[in-house]
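The primary structure of each chain is shown beneath.
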Amino acid sequence: MNKKNLIRNGVSAVTFGACYALISYLFDKTVDVAEIVVSTVAYFVIMSLLYLIAPKLRK
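Owing to the predicted nature of the structure, the values given are computational and were not obtained by experimental measurement.

K.L.:
Would you mind going over the environment of Val37 with me for this structure?
P.N.:
With respect to the element layout, Val37 can be found in helix α2 (residues 33-58). Between the C-alpha atoms of Val37 and Lys3, which are 34 residues apart in sequence, the distance is 22 Å.

K.L.:
Sorry if this is basic, but what is going on with the packing of aromatic side chains here?
P.N.:
Working definition: an aromatic ring pair is given by the centre-to-centre distance plus the angle between the planes. Counted by the stated rule, this structure contains 2 aromatic pairs. Pairing Phe16 with Tyr20 gives two aromatic rings, centres 6.1 Å apart and planes at 25°, and the pair type is stacked. Within this pair, Phe16 and its partner Tyr20 are both found in helix α1 (residues 3-28), separated by 4 residues, close to a single helical turn. Phe16 gets classed as partly exposed once you look at its relative accessible area, which sits at 32%. Among the aromatic residues, those joined into a ring-pair cluster are Phe16, Tyr20 and Tyr43.

K.L.:
Looking at this model, I keep getting lost on unusual backbone geometry. Mind explaining?
P.N.:
Negative phi values dominate among residues other than glycine, just as trans dominates among peptide bonds. For Lys29, which is not glycine, the phi dihedral falls at a positive 60°. Along the chain, Lys29 turns up in the loop between α1 and α2.

Reading the values: the criteria
- The written sequence of each chain sets the order in which its residues are numbered from 1.
- Only residues with pLDDT of at least 70 are given local features in this predicted model, and only at 80 or more are side-chain atom pairs given and counted; all residues enter the totals for whole chains, interfaces and linings.
- As a rule here, side-chain values cover all heavy atoms of the structure and leave hydrogens and water aside.
- A run of H or I in DSSP counts as a helix once it spans at least four residues, and a run of E counts as a strand once it spans at least two, with each numbered from the N terminus.
- Note on ring pairs: Phe, Tyr and Trp rings are taken, using the six-membered ring of Trp, and paired if centres are within 6.5 Å. Classes follow the plane angle, with under 30 degrees stacked, over 60 edge-to-face and the rest tilted.
- Only protein chains enter the accessibility calculation, which uses a 1.4 Å probe. A residue is then buried if its area is under 20% of the maximum for its type, exposed if over 50%, and partly exposed in between.

Take it as geometry only, folks, not as evidence of what the structure does.
Here's what the structure looks like:
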């Protein structure tokens with residue numbers, strides 16, 4: 001995985017975390033920071049793994 005894709009996945013994960021926090025605030029009027037951080041990190045890891053696995057599945 002090159003640096004460009006890591007940056008893209010990082011920005012995508014932060015955007016996901018921000019959207020998750022906004023939706024959580026709109027519905028519950030509270031934001032659990034630990035839950036947001038865990039879900040953001042999990043999203044980053046999953047997207048990075050999928051980036052590595054997808055080319056192998058195509059072949």
